[in-house]
Amino acid sequence: MVFGFILFADILVKLYLEVFPYRFVSKPLIMISLIVFYVINQKEDSRRQFNLMCIALSSFLIGDVLLIAYEINILYIIGVLLFIVGKLFYIFRFSNQRDFNLLRLIPFFGVCFIYMIVIMLLVMENLGNFLIPILIYLFACLMLILFAFLRKDEVDRSSYLFVLIGVVLAIICDSIIVLQSFYNPEIPYHKVLIMLIYGTSQYLIVRGIVDEGKSKTGVKAS
């Protein structure tokens with residue numbers, strides 16, 4: 001309830017108020033509230049898992065602040081790099097030591113490869129100096145959904161679905177951002193859609209990790 005209010009308030013600020021100083025207050029509160037929620041409710045099995053999540057969430061928080069001033073290229077690039085760092089630490093948190101069936105992943109890799117090619121074909125001509133950062137960013141997105149998918153036999157169903165749906169929403173949000181930035185600046189309702197999907201995705205991922213901490217003892221190994 002509190003998180004939904006904070007997210008809704010930030011969307012209103014984004015639509016109707018000046019960026020400075022209002023957005024520099026409302027937007028960081030989204031990730032700050034999730035960090036507080038995670039720290040209070042987490043029941044991680046190790047300090048390493050806790051640290052990985054804290055670094056991931058902190059990277060998104062700082063990246064959010066920098067991306068408010070996206071018109072400044074250097075801040076935009078640093079913000080994108082921090083989002084990549086956040087996704088990488090999510091990947092480290094999702095990872096496990098078990099082997100996986102490569103054949104099972106072939107269709108998944110196929111869909112992800114097609115997605116990446118389509119997005120790149122649409123925006124390639126307009127990327128300029130952002131080509132390498134965006135390529136790395138999209139690759140990190142695909143690796144994130146892969147590791148979220150591989151959690152299936154490691155955690156309970158609710159945790160798995162929360163995280164997977166959250167990651168899928170993050171991919172949708174990232175796609176809208178890239179297309180709006182480098183293909184069509186006038187995507188309908190993009191200001192609302194980006195923040196609504198982004199905030200929801202982060203909440204679902206954190207909620208899934210918190211649920212995993214609560215129910216991991218009941219997970220059945222396959």
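Calculation rules
Residues numbered from 1 in each chain as written. Predicted model: local features only at pLDDT ≥ 70, side-chain atom pairs only at ≥ 80, totals over all residues. Heavy atoms only, no water. Helix = DSSP H or I, 4+ residues; strand = E, 2+ residues; numbered from the N terminus. Polar contact = N/O pair within 3.5 Å; in protein donor to acceptor, adjacent residues only side chain to side chain. Contact = heavy atoms within 4.5 Å. Axes fitted to C-alpha atoms, helices over the stretch in contact; angles between N-to-C directions. Parallel < 35°, antiparallel > 145°, perpendicular 65-115°, else oblique. Nonpolar A, V, L, I, M, F, W, Y, C, P; charged D, E, K, R; others polar. Phe/Tyr/Trp six-rings, centres within 6.5 Å; stacked < 30°, edge-to-face > 60°. Buried < 20%, exposed > 50% of the residue type's maximum accessible area, 1.4 Å probe, protein only. Lys NZ or Arg CZ within 6 Å of the ring centre and 35° of its normal. Expected span 1.5 Å × (residues − 1). Core = buried A, V, L, I, M, F, W, Y, C linked by side-chain atoms within 4.5 Å.

(A) Seen up close, the side chain of aspartate 10. Within the secondary structure, aspartate 10 is located in helix H1 (residues 2-16). In terms of polar contacts, aspartate 10 uses its side chain to reach the backbone amide nitrogen of lysine 27, at 3.1 Å. Once residues within four sequence positions are removed from consideration, aspartate 10 is found in contact with Arg23, Ser26, Lys27, Ile30 and Met195.

(B) Structural view of the packing of helix H2 (residues 19-41) against helix H3 (residues 47-68). One way to put it is that H2 packs onto H3 with a least axis distance of 9 Å and a crossing angle of 170 degrees. Comparing the axis directions of H2 and H3 gives the class roughly antiparallel. On H3, the residues that touch Val19, Arg23, Phe24, Lys27, Pro28, Met31, Ile32, Ile35, Tyr38 and Val39 of H2 are Gln49, Phe50, Met53, Cys54, Leu57, Ser58, Phe60, Leu61, Asp64, Val65, Leu67 and Ile68. Its residues assigned to classes, the contact of H2 with H3 comprises 17 nonpolar, two polar and three charged.

(C) Up close: the packing of aromatic side chains. Evaluated as defined, the whole model comprises eleven aromatic pairs. Considering the side-chain rings of phenylalanine 37 and tyrosine 203, the 6.3 Å spacing of their centres and the 35 degrees angle between planes classify their relative orientation as tilted. Separated by 166 residues along the polypeptide, phenylalanine 37 in helix H2 and tyrosine 203 in helix H8 (residues 190-215) bring together distant segments of the chain. Here phenylalanine 37 falls in the partly exposed class, since its relative accessible area comes to 25%. If you follow arginine 151 out to its NZ or CZ, it ends over the ring of phenylalanine 94, 5.6 Å from the centre.

(D) Quick look at helix H6 (residues 131-149). Look at H6: 27 Å from first C-alpha to last across 19 residues, which is about the 27 Å you get at 1.5 Å a residue. Every buried residue of H6 is accounted for by Pro133, Ile134, Tyr137, Leu138, Ala140, Cys141, Leu142, Leu144, Ile145, Leu146, Ala148 and Phe149.

(E) View of the nonpolar core. In this structure, Tyr38, Tyr90, Phe94, Ile134, Val167, Phe182 and Val206 are the most contacted members of the largest nonpolar core, which totals 64 residues. Mapped by element, the contributors of at least two residues to this core are H1, H2, H3, helix H4 (73-94), helix H5 (102-127), H6, helix H7 (157-182) and H8. At eleven residues, the largest contribution of residues to this core is made by H6. The contacts of phenylalanine 94, once residues within four sequence positions are left out, are Leu144, Phe147, Ala148, Arg151, Val163, Val167, Ile205 and Ile209.

(F) Inspection of the side chain of glutamate 212 at higher detail. Within the element layout of this structure, glutamate 212 appears in helix H8. Judged by its relative accessible area of 3%, glutamate 212 is buried. In this view, glutamate 212 contacts Arg93, Arg151, Val155, Asp156 and Ser159; residues no more than four positions away in its chain are not counted.

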